[in-house]
Amino acid sequence: MSGSTAAPEKSAQLDERLVHTSPLRKLLGRPELGSVVGAVAVFVFFAIVADSFLQASSFGTVLYAASVLGIMAAPVALLMIGGEFDLSAGVLVTSSALISSMFSYQMTANVWVGVLVSLLVTLAIGAFNGFMLTRTKLPSFIITLGTFLMLTGLNLGFTKLISGTVSTKAIGDMEGFDSAHALFASTLTVGSVEFKVTILWWIALVALATWVLLRTRFGNWIFAVGGEADAARAVGVPVVRTKIGLYLGVAFAAWISGQHLLFSYDVVQSGEGVGNELTYIIAAVIGGCLITGGYGSAIGSAVGAFIFGMTSKGIVYAEWNPDWFKFFLGAMLLLATLLNAWVRKRAEATS
């Protein structure tokens, strides 16, 4: 009797695991669904109100604005999925550019030496954030706010001390500048449309982040520590390594963005970057990431960045006062958050 009872139970459990999931249910379960709907709405809106929005040249400009934000939004999204924030990300971009510029100029070396030194220092700052977070158990908000304030002061103080002004010296005539410019700030022409190389960096980072999230053990660790760090630690997930790795990812993207900033303009203003960290977080949230962690996607962050690019440039093409941009950004944040919450509830109800 016991054997005949166990067999149906086992069969029922097997059937439960083999239940076919409909395409609609899979679609509702995607974190970026709400942001895709929002992106379509924004695109249609500006296509109607701005005649030049649909021009091929405008598309390249929109993609460039999205890529500058998207390069940082992808690793910030992974960090948020892991349950943490980085309020120092914006000024870290500027720090990376300043280090490259000032080291190259002061040491009269090839600019590539400054680029590599900047990479090492930027990664060290990212590791510092992760180490302090895991060692002190303080909230990431406090840790990275402290780093933000320190970097803001260091950027301004060191630049004035070394250069005598709030900006760096020009390095455009130094050896290696042209090759570095080609890698970080060049322009590609396809037909009559110009595309910045940052678009390729953006696509590569989003693809890498997506692969890490969905196809690697580290991706499983990210979701686990963002959902419940103590439970993840109990089943053997290396929580400390995972969180430090996420901060290193943000630092690496900040290095790329910093080099683009430097080799696009030749000089760097020490006060740049303040406030950009909130924009990275907004793009990730619009893309479906939860503030509480454990849910989101890198593709969603790309869609959020694309919405930002369309809005920032669409307002210009519509010839509106650019002061309205922050209003639209705030409205999109609220609407996207509400839509993402609704989609998630629908997905849970149909699962």
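1. Structural notes on the overall build of the protein
Part 1 of the reasoning: Along its length, the protein carries 15 helices and 2 strands.
Part 2 of the reasoning: When the 351 residues of the protein are sorted by exposure, 47% land in the buried category.
Part 3 of the reasoning: If you take every contact in the protein between residues at least 6 apart in sequence, the share linking residues at least 24 apart comes to 76%.
Part 4 of the reasoning: By element, 68% of the accessible surface of the protein is carried by carbon and sulfur atoms, the whole surface being about 17200 Å².

2. Some points on the packing of aromatic side chains
Part 1 of the reasoning: Enumeration according to the criterion identifies 16 aromatic pairs in this entry.
Part 2 of the reasoning: When the ring of Phe218 is compared with that of Trp221, the centres are 6.3 Å apart and the planes differ by 70 degrees; the resulting orientation is edge-to-face. Taken as a pair, Phe218 and Trp221 lie in helix α10 (residues 217-227) at a separation of 3 residues, close to a single helical turn.
Part 3 of the reasoning: Ring pairing ties together the aromatic residues Phe43, Phe45, Phe46, Phe53, Trp320, Trp324, Phe327 and Phe328, which thus form one cluster.
Part 4 of the reasoning: For Lys196, the ring lying beneath its charged end belongs to Tyr64, and the centroid distance is 5.9 Å.

3. A word on empty space enclosed by the protein
Part 1 of the reasoning: Taken as a whole and assessed by the stated rule, the structure comprises 2 cavities of 30 Å³ or more.
Part 2 of the reasoning: When its volume is computed, the largest cavity comes out at roughly 50 Å³.
Part 3 of the reasoning: In this structure, the largest cavity is lined by Arg30, Thr210, Leu213, Leu214, Gly296, Ser297, Ala298 and Ile299.
Part 4 of the reasoning: Contributing elements (two or more residues each) for the lining of the largest cavity: α9 (198-215) and α14 (298-317).
Part 5 of the reasoning: Examining the composition of the lining of the largest cavity, we find that 3 residues originate from one element, α9, more than from any other.
Part 6 of the reasoning: Along the lines of polarity and charge, the residues of the lining of the largest cavity split into 4 nonpolar, 3 polar and 1 charged.
Part 7 of the reasoning: Considering only enclosed or pocket space, the second largest cavity measures out at about 30 Å³ in volume.
Part 8 of the reasoning: What lines the second largest cavity is simply Leu69, Thr279, Ile282, Ala283, Ile286, Gly304, Phe308 and Leu329.

4. Details of the environment of Thr168
Part 1 of the reasoning: With respect to the helices and strands, the residue Thr168 is situated in the loop between α7 (140-163) and α8 (177-184).
Part 2 of the reasoning: Under the relative-accessibility criterion, Thr168 is labelled buried at 4%.
Part 3 of the reasoning: Between the alpha carbons of Thr168 and Leu262 there is a distance of 9.7 Å; along the sequence they are 94 residues apart.
Part 4 of the reasoning: If near-sequence neighbours (up to four positions away) are discounted, Thr168 is found in contact with Leu98, Ser101, Met102, Thr159, Ser163, Val267 and Val268.
Part 5 of the reasoning: A distance of 3.3 Å separates a polar atom in the side chain of Thr168 from a polar atom in the side chain of Ser101.
Part 6 of the reasoning: A distance of 3.0 Å separates a polar atom in the side chain of Thr168 from the backbone nitrogen of Val268.

5. Notes on the pattern of salt bridges
Part 1 of the reasoning: Under the definition given, this model contains 2 salt bridges.
Part 2 of the reasoning: Salt-bridge contacts for Lys243 lead to Glu84; the nearest nitrogen and oxygen are separated by 2.4 Å. Residue Lys243 is located in helix α12 (residues 239-265), and its partner Glu84 is located in the loop between α4 (56-81) and α5 (89-106); the two are separated by 159 residues in the primary sequence.
Part 3 of the reasoning: The buried category is assigned to Lys243, whose relative accessible area is 11%.
Part 4 of the reasoning: Residue Glu84 is classed as buried on the basis of its relative accessible area of 9%.
Part 5 of the reasoning: Residue Asp230 is joined to Arg233 by a salt bridge in which the shortest nitrogen-to-oxygen separation is 3.1 Å. One end of the pair is Asp230 and the other is Arg233, both in helix α11 (residues 229-234) and 3 residues apart, which spans about a single turn.
Part 6 of the reasoning: Residue Arg233 is classed as partly exposed on the basis of its relative accessible area, which comes to 40%.

6. Quick word on the pairing of strand β1 (residues 187-190)
Part 1 of the reasoning: As paired elements, β1 and strand β2 (residues 193-196) share 4 bridges and run antiparallel to each other. By the bridge assignment for β2, Val190 is matched with Val193.
Part 2 of the reasoning: Linking two consecutive strands that pair antiparallel, namely β1 and β2, is a turn of 2 residues; a positive phi of about 70 degrees is found at Gly191 within it.

7. Brief notes about the packing of helix α6 (residues 111-136) against α7
A pair of packed helices is captured by two measures, namely the crossing angle of their axes and the spacing between those axes.
Part 1 of the reasoning: Running from N to C, α6 and α7 cross one another at 145 degrees; their axes reach a closest spacing of 9 Å. α7 is crossed by α6, and the crossing has right-handed handedness. Each of Ile125, Phe128, Asn129, Met132, Leu133 and Thr136 in α6 lies in contact with α7, whose residues at this interface are Ser140, Ile143, Thr144, Thr147, Met150 and Leu151.
Part 2 of the reasoning: Residues of the contact of α6 with α7, tallied by class, amount to 7 nonpolar, 5 polar and no charged.

Rules used in this analysis
- Residues numbered from 1 in each chain as written.
- Predicted model: local features only at pLDDT ≥ 70, side-chain atom pairs only at ≥ 80, totals over all residues.
- Heavy atoms only, no water.
- Helix = DSSP H or I, 4+ residues; strand = E, 2+ residues; numbered from the N terminus.
- Buried < 20%, exposed > 50% of the residue type's maximum accessible area, 1.4 Å probe, protein only.
- Contact = heavy atoms within 4.5 Å.
- Areas by Shrake-Rupley, 256 points an atom, 1.4 Å probe, with all protein chains shown as cover.
- Phe/Tyr/Trp six-rings, centres within 6.5 Å; stacked < 30°, edge-to-face > 60°.
- Lys NZ or Arg CZ within 6 Å of the ring centre and 35° of its normal.
- 1 Å grid on protein atoms, 1.4 Å probe; cavity = no way out; pocket = protein on both sides within 12 Å on 5 of 7 lines; lining within 4 Å.
- Points joined across faces, edges and corners; volume = space filled by probe spheres on them.
- Nonpolar A, V, L, I, M, F, W, Y, C, P; charged D, E, K, R; others polar.
- Polar contact = N/O pair within 3.5 Å; in protein donor to acceptor, adjacent residues only side chain to side chain.
- Salt bridge = Lys/Arg side-chain N within 4 Å of Asp/Glu carboxyl O.
- Pairing = 2+ DSSP bridges.
- Axes fitted to C-alpha atoms, helices over the stretch in contact; angles between N-to-C directions.
- Left-handed = near helix turned anticlockwise from the far one by under 90°.

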